[in-house]
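# Report on the structure
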Amino acid sequence: MRDADRAWLAEAIRRIEADYNRSADTHLIRVELPRYPGITLYLKDESSHPTGSLKHRLARSLFLYALCNEWIGPRTTVIEASSGSTAVSEAYFARMLGLRFIAVVPAATAAPKLDAIRFHGGEIHAVDDPRTVYDVAHRLAAETGGHFIDQFTYAERATDWRGNNNIAESIFAQMAEEEHPIPAWIVCGAGTGGTSATIGRFIRYRRHATRLCVADPVHSVFHRHYADRTVTTLPEGCASRIEGIGRPRVEPSFVPGVIDRMIAVEDCDSLGAMRALSDALGRRVGGSTGTNINACMTLVEEMAAAGRTGSIVTLLCDGGERYGCTYYDPDWLAGCGGAWEASAERTAAFLR
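Residues numbered from 1 in each chain as written. Predicted model: local features only at pLDDT ≥ 70, side-chain atom pairs only at ≥ 80, totals over all residues. Heavy atoms only, no water.

### With respect to the sheet that holds strand β8 (residues 211-217)
The cut-off we apply is this: Two strands are said to pair when DSSP picks up at least two bridges between them. A run of H or I in DSSP becomes a helix once it reaches four residues, and a run of E becomes a strand once it reaches two; helices and strands are each numbered from the N terminus. Think of each axis as a best-fit line through the C-alpha atoms, taken over the contacting stretch in the case of a helix, with angles from 0 to 180 degrees between the N-to-C directions. By definition in these notes, contact holds between two residues if any of their heavy atoms fall within 4.5 Å.
If you trace the six strands from one edge of the open sheet to the other, you get β1-β2-β10-β7-β8-β9, paired in mixed fashion. What marks the edges here is a single partner per strand, and that holds for β1 (27-31) and β9 (261-265). Each strand axis lies, on average, 25 degrees off the axis of its neighbour in the sheet, ignoring direction. Looking at chain direction, β8 and β9 are connected through five bridges and run parallel. Bridge pairing links Ala 215 to Ile 263 in β9. Running over the sheet, helix α7 (residues 167-174) touches β1, β2 (39-45), β7 (185-188) and β10 (310-316) and is turned about 135 degrees from β2.

Shown next, in the form of structure tokens:
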């Protein structure tokens, strides 16, 4: 590596680390559950990152991983295949380093997410068939002489699961002074599988009694693969409406062995829980948070029935501002084919 490029690399890493130092850790919101004495729910609010979602952590890790492997240099075009949020965060870091960034996204991606990618200097390459995003990303990387950063392959290895400011370490540090500092469960979704891999490995490494539950859309392959390892793809025409989690194929970063339980959630139940939680918090959350809340309700009810007390931590993955034309649009909801109102009423009762 030339001295000039080595100096650029060192400066690039310094800028990313400086950005982390300027950002306070995300909040852990305590949610009282009066109907379930002795059980407390906590929301790890990842929407407070500079780019508004859990994917900010992933994007930072992916850039550092690629930089330290010398896959990205001062003239590299960075390519990603994404349903939106990861690309928003990666566009942020690419602009920080003065690099061109192209996001390969499904054409149905919510317009506010596309606007956010462009706001951070990214370019959009939309594809009609979501299954082609990987091939198109590889092709663009070859055509531009760039690097396909590939969240679905590298998510589980780009983050240091033993600690080093990862989300699991943050959760346990913030829980330290609570009544039940070691959660009975941590609940998260799986898009790449990176977050569940990090949390599951950290729990085992630190020898905690906590169990990991992954909440997965019904129309996702992950929970099917968890039950039967021979299942690796979804049937034709089967797709989830919950952006950011659930996949049509088993991604390389999905590690089922570190997961203790998976709960499949109907899309309409995710949307109903999302609406009810938004009302309870006084601000909008995204659909994947609704998926997580559904799983939490199941676990809380089981704990209460067994006479157990304790804490459950889940992720508030992103805010609802990017879903104004979908999840929060009455016409879109009416056309999605699901009755979300019953789930909203159940979740509201759970939170009261």
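### Looking at the environment of Met 175
Test applied: Each residue is placed in one exposure class: buried if its accessible area under a 1.4 Å probe, protein chains only, is under 20% of its type's maximum, exposed if it is over 50%, and partly exposed if it falls in between.
Tracing the backbone shows Met 175 in the loop between α7 and β7. Taking the relative accessible area as the measure of exposure, Met 175 reaches 0% and is therefore buried. The sequence separation of Met 175 and Met 297 amounts to 122 residues, and the corresponding C-alpha distance is 20 Å. Setting aside its immediate chain neighbours within four residues, Met 175 contacts Leu 28, Tyr 42, His 180, Pro 181, Pro 183, Ser 311 and Val 313.

### So, the nonpolar core
In plain terms, the rule: Among buried residues, the Ala, Val, Leu, Ile, Met, Phe, Trp, Tyr and Cys ones that are joined through side-chain atoms within 4.5 Å form a nonpolar core.
Core analysis: the biggest nonpolar cluster contains 39 residues, and Leu 33, Leu 41, Val 187, Leu 271, Ile 312 and Phe 350 have the highest contact counts within it. For this core, the secondary-structure elements that each account for two or more residues are β2, β7, β8, β9, α10 (267-281), α11 (287-305), β10 and α13 (341-351). Ranked by the residues each element gives to this core, the list is headed by α11, at seven residues. Among the nonpolar cores identified, the runner-up in size contains 32 residues, and Ile 16, Leu 64, Ala 94 and Ala 158 belong to it.

### Considering empty space enclosed by the protein
To keep it simple, the criterion reads: Note on definitions: the grid is 1 Å and covers protein atoms alone; a cavity is a set of points where a 1.4 Å probe fits but cannot get out; a pocket is an open set with protein on both sides within 12 Å along at least five of seven lines; lining residues have an atom within 4 Å of a point. Grid points are joined across faces, edges and corners, and a volume is the space filled by probe spheres set on the points. Gly is put with the polar residues, along with every residue not named as nonpolar or charged; the nonpolar set is Ala, Val, Leu, Ile, Met, Phe, Trp, Tyr, Cys and Pro, and the charged set is Asp, Glu, Lys and Arg.
By the definition in use, this model includes one cavity of 30 Å³ or more. One number sums up the size of the largest cavity: a volume of about 200 Å³. What lines the largest cavity is a set of 23 residues, and nearest its centre among them are Leu 54, Lys 55, Gly 244, Ile 245 and Cys 317. Broken down by secondary-structure element, the contributors of at least two residues to the lining of the largest cavity are α8 (194-205) and α11. If you tally residues by element for the lining of the largest cavity, the top one is α8, at three residues. Taken together, the residues of the lining of the largest cavity sort by class into seven nonpolar, 12 polar and four charged.

### Concerning α11
This is how it is decided: To estimate the expected span of a helix, subtract one from its residue number and multiply by 1.5 Å.
The end-to-end C-alpha distance of α11 is 28 Å, a good match for the 27 Å that 19 residues give at a rise of 1.5 Å each. Within α11, 14 of the 19 residues are buried, leaving the element largely enclosed by the surrounding structure. Once α11 finishes, Gly 307 follows within two positions and takes phi at roughly 75 degrees, a positive value.

### Describing helix α2 (residues 55-68)
Taking 1.5 Å per residue, 14 residues should reach 20 Å; α2 reaches 20 Å between its end C-alpha atoms and fits that length. Within the sequence span of α2, burial applies to Lys 55, His 56, Arg 57, Leu 58, Ala 59, Arg 60, Ser 61, Leu 62, Phe 63, Leu 64, Ala 66 and Leu 67. Looking one or two residues past α2, Glu 70 carries a phi angle of roughly 60 degrees, positive in sign.

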